[in-house]
Amino acid sequence: MTTYHGDDPHVRQTLGAYVLDALDARESGQVARHLQRCEVCAAAYVEVAAAVSQLALLDVDDLLE
């Protein structure tokens, strides 16, 4: 993988939806392909995925504190 500087827009704004499987098949494929060739977005994906997995550990009481 190399740092990607092509014409495709970065996908950082759609990573949350991608991690939550909330994109349609076309959008999900575009994000997946972009992540394979863009180190910047791939690193952001790891951060978003980690945050989402941590949120799953919280319960309502944690959020009210």
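As a reminder, the structure under discussion sits directly above these lines.
The structure contained in this document is the topic of the report that follows. (Residues numbered from 1 in each chain as written. Predicted model: local features only at pLDDT ≥ 70, side-chain atom pairs only at ≥ 80, totals over all residues. Heavy atoms only, no water.)

**Observations regarding the state of the cysteines**
The criterion, for reference: By definition, disulfides here are pairs of cysteine sulfur atoms that lie within 2.5 Å. For every residue, the accessible area (1.4 Å probe, protein chains only) is compared with the maximum for its type, and the residue is labelled buried under 20%, exposed over 50%, or partly exposed between those bounds.
Taken as a whole and assessed by the stated rule, the structure comprises 0 disulfides. Of the cysteine sulfurs around cysteine 38, a residue in no disulfide, the closest is that of cysteine 41, at 3.8 Å. By relative accessible area, which is 0% here, cysteine 41 ends up buried.

**So, the packing of helix H2 (residues 25–37) against helix H3 (residues 39–55)**
This is how it is decided: Here an axis means a line fitted to C-alpha atoms, over the contact stretch when the element is a helix, while the angle between two N-to-C directions is reported on a 0 to 180 degree scale. Secondary structure counts use DSSP, requiring at least four H or I residues in a row for a helix and at least two E residues in a row for a strand, with both numbered from the N terminus. Oblique is the label for any angle not under 35 degrees, not over 145, and not in the 65 to 115 range, which are roughly parallel, roughly antiparallel and roughly perpendicular in turn. Take the far helix as your reference; a near helix turned counterclockwise from it by less than a right angle gives a left-handed crossing, and one turned clockwise gives a right-handed crossing. Contact criterion: two residues are considered in contact whenever any of their non-hydrogen atoms come within 4.5 Å of each other. Gly falls in the polar group here, along with every residue not listed as nonpolar (Ala, Val, Leu, Ile, Met, Phe, Trp, Tyr, Cys, Pro) or charged (Asp, Glu, Lys, Arg).
Close contact between H2 and H3 brings their axes to 6 Å; oriented N to C, the two are set at 110 degrees. One finds that H2 runs roughly perpendicular with respect to H3. Taken as a pair, H2 and H3 cross one another with a handedness that is left-handed. Residue-level contacts link His34, Leu35 and Arg37 of H2 to Glu39, Cys41, Ala42 and Tyr45 of H3. Looking at the contact of H2 with H3, its residues break down into 4 nonpolar, 1 polar and 2 charged.

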